[in-house]
Amino acid sequence: MPNIITFNDKIDFMMDNFEYKGYWYLPDCEDHQVAGILTFIANNSAILELIGDIDAHDEPLMAIFEQKSHTVIWGVNSDAKRITLLNCNLIGKRLNSNCRFPIMRYSVQFIITGKYVRSCDELAFNSCHVEIPALTPWCFPAAIQQSIVFKDDKTTVKELSLTIDTEQIEHPIVSVDIEGAKIELSRAISYCGDLRCPKIEQSTSLTIKKPQKDHLGSFLYDIHIYEQFLSFAALSNVSASNIWLQDDDLYQQLDDGRKIYKKILLHYVRKECSEWNDKKIDFLFEYDTIKDKYPSIIKKWYLESDDIAPIRAHLIESIKKKGSFSSVDFLIVFQAIEGFMIRFLYEDKSSTKNKLATLLHDFSDIAKLKCNEIDVDAAVNSRHYYSHFFKKSQKTKILDGAELFYLTRKLRNILICCMLTFIGFSHEDINKLLSQSNYNFRV
């Protein structure tokens, strides 16, 4: 079925903040249900406040004296939706001596709307669908075609039309098989069907399909790895905005045999989730730039994830927008380069200085890096000083302030190229890519 949704449908799973009023209970104690309100504030908090004791103590005071959290709480809200709350930690309780019931407050890590599961480890889902704001400008869906017909004067528009190819939407832009799982990029269209004021939006979404049912943690890990890939492509912190899961056993079958799968929404608090502004981003590379290499790049990104993980994390940390600079920012970049050299390039036991000098020599053919402008001695001495804080020597060159900042930027460009080589680019490819990139390598 084509991935076309009405605008009102889209609102249903794009809510930032919401409140669920309903009854809540422990999975094995359905007979004891407690009224309460779940309040979710995006990037801030998820709080369940219960009017009563969910543990069903004989005495209300026991609920106050006992410190008890729950791995899972189930509920049903006023719209009759099944809700699973995972990792619920007791953060507050209150009981008036003249009242028969306590007020209990829990912080909630994960909210699943549409299905009951017993834990994060339960094999409950076949696939997940992810909206990442950065994905659409990075891989433009091109699901809507525009055509213009001019009058005979060649300047006046006679006809302007938009065409949606639904058959194109049915098929993914690209699908990569990684040990049985499929990582797909798909087109989607949302349409507000008011002909007076139609509103049409096109987007690209990420779909992760597993060969058999998998647990929530596995899907979140795969999403995180792809977020880091896009962060690298954008050289900016990228995160998902909406996630919904799919259980292939939960569907409505139409008369013509087609299946409409139920959307199982996932919400969780992400403190570092930042708003995406594509007008301020110059991509290091876009999908069209690496289209031919994309399958092999994504496979390597996932399959060798453990080896590259700490280096990749340091790179992502180094590209986050910050209001200030410190020696810690320098160390993050230098240690990532050092780790990359040790793990993937030079297995000998030579010194860090020799390894860095060799790396700069090896990368000297990448024009935009200007490796000859990097002072190896100053870089290594500064790394040792800010790592161990030994006493400064007049004979040892150690950078600080603006000089350290500029050195960090130059080294970060080296680190970026290290990552490009890791995912399969030759130096010739990198030179070509950087010549086409909008990213500014100048310090």
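Residues numbered from 1 in each chain as written. Predicted model: local features only at pLDDT ≥ 70, side-chain atom pairs only at ≥ 80, totals over all residues. Heavy atoms only, no water.

**A closer look at the side chain of Arg412**
Turning to its location among the elements, Arg412 is positioned in helix α12 (residues 401-422). Here Arg412 is buried and forms no salt bridge, its nearest opposite-charge partner Asp329 lying at an N-O distance of 8.7 Å. Leave out the neighbours within four places in its chain, and Arg412 touches Ser318, Ile319, Val333 and Tyr439. (Helix = DSSP H or I, 4+ residues; strand = E, 2+ residues; numbered from the N terminus. Buried < 20%, exposed > 50% of the residue type's maximum accessible area, 1.4 Å probe, protein only. Lys, Arg positive; Asp, Glu negative; His and termini not counted. Salt bridge = Lys/Arg side-chain N within 4 Å of Asp/Glu carboxyl O. Contact = heavy atoms within 4.5 Å.)

**Points about the pairing of strand β8 (residues 125-131)**
Here β8 lies mainly inside the structure; seven of its seven residues are buried. In this sheet, strand β14 (residues 242-246) lies alongside β8 in antiparallel orientation, the contact comprising five bridges. Bridge pairing in β14 links Val130 to Ile243. (Pairing = 2+ DSSP bridges.)

**Details of the packing of helix α5 (residues 216-234) against helix α8 (residues 305-318)**
To characterise two packed helices, one gives the angle between the axes of the helices and the distance between these axes. One can describe the packing of α5 onto α8 by two numbers: an axis separation of 11 Å at closest approach and a directional angle of 50 degrees. Classed by the angle they form, the pair α5 and α8 counts as oblique. Crossing of α5 against α8: the hand is left-handed. Contacts from Tyr221, Ile225, Gln228, Ser231 and Phe232 in α5 reach Ser305, Asp306, Arg312, Ala313, Leu315 and Ile316 in α8. A class-by-class count of the residues in the contact of α5 with α8 yields six nonpolar, three polar and two charged. (Axes fitted to C-alpha atoms, helices over the stretch in contact; angles between N-to-C directions. Parallel < 35°, antiparallel > 145°, perpendicular 65-115°, else oblique. Left-handed = near helix turned anticlockwise from the far one by under 90°. Nonpolar A, V, L, I, M, F, W, Y, C, P; charged D, E, K, R; others polar.)

**Side note on the state of the cysteines**
In the structure shown here, the tally under the stated rule is zero disulfides. In this structure Cys371 is a free cysteine whose sulfur lies 8.1 Å from that of Cys417, the closest cysteine sulfur available. (Disulfide = S-S within 2.5 Å.)

**Observations regarding the pattern of salt bridges**
Considering all chains together, one arrives at 21 salt bridges under this definition. With a shortest N-O distance of 3.4 Å, Lys209 and Glu184 are connected by a salt bridge. Of this pair, Lys209 sits in strand β13 (residues 199-214) while Glu184 sits in strand β12 (residues 181-192); the two residues are 25 residues apart in sequence, bridging distant segments of the chain.

**Some details on the packing of aromatic side chains**
Counted by the stated rule, this structure contains 25 aromatic pairs. Measuring from centroid to centroid gives 5.8 Å for Phe232 and Phe285, while their planes differ by 70 degrees, and the two rings are edge-to-face. Here the residue Phe232 occupies a position in helix α5, and Phe285 occupies one in the loop between β17 (264-268) and α6 (287-290), the gap between them amounting to 53 residues. Comparing Phe232 with Phe285 shows no difference in burial state: the two are buried. The rings of Trp138, Tyr226, Phe229, Phe232, Phe285, Tyr287, Tyr294 and Trp301 are connected pair by pair, giving a single aromatic cluster. (Phe/Tyr/Trp six-rings, centres within 6.5 Å; stacked < 30°, edge-to-face > 60°.)

**A few points about unusual backbone geometry**
Its identity as a non-glycine residue notwithstanding, Asn43 has a phi of 60 degrees, on the positive side. Along the polypeptide, Asn43 turns up in the loop between β3 (34-41) and β4 (45-51). Asn43 sits in the partly exposed class, given a relative accessible area of 33%.

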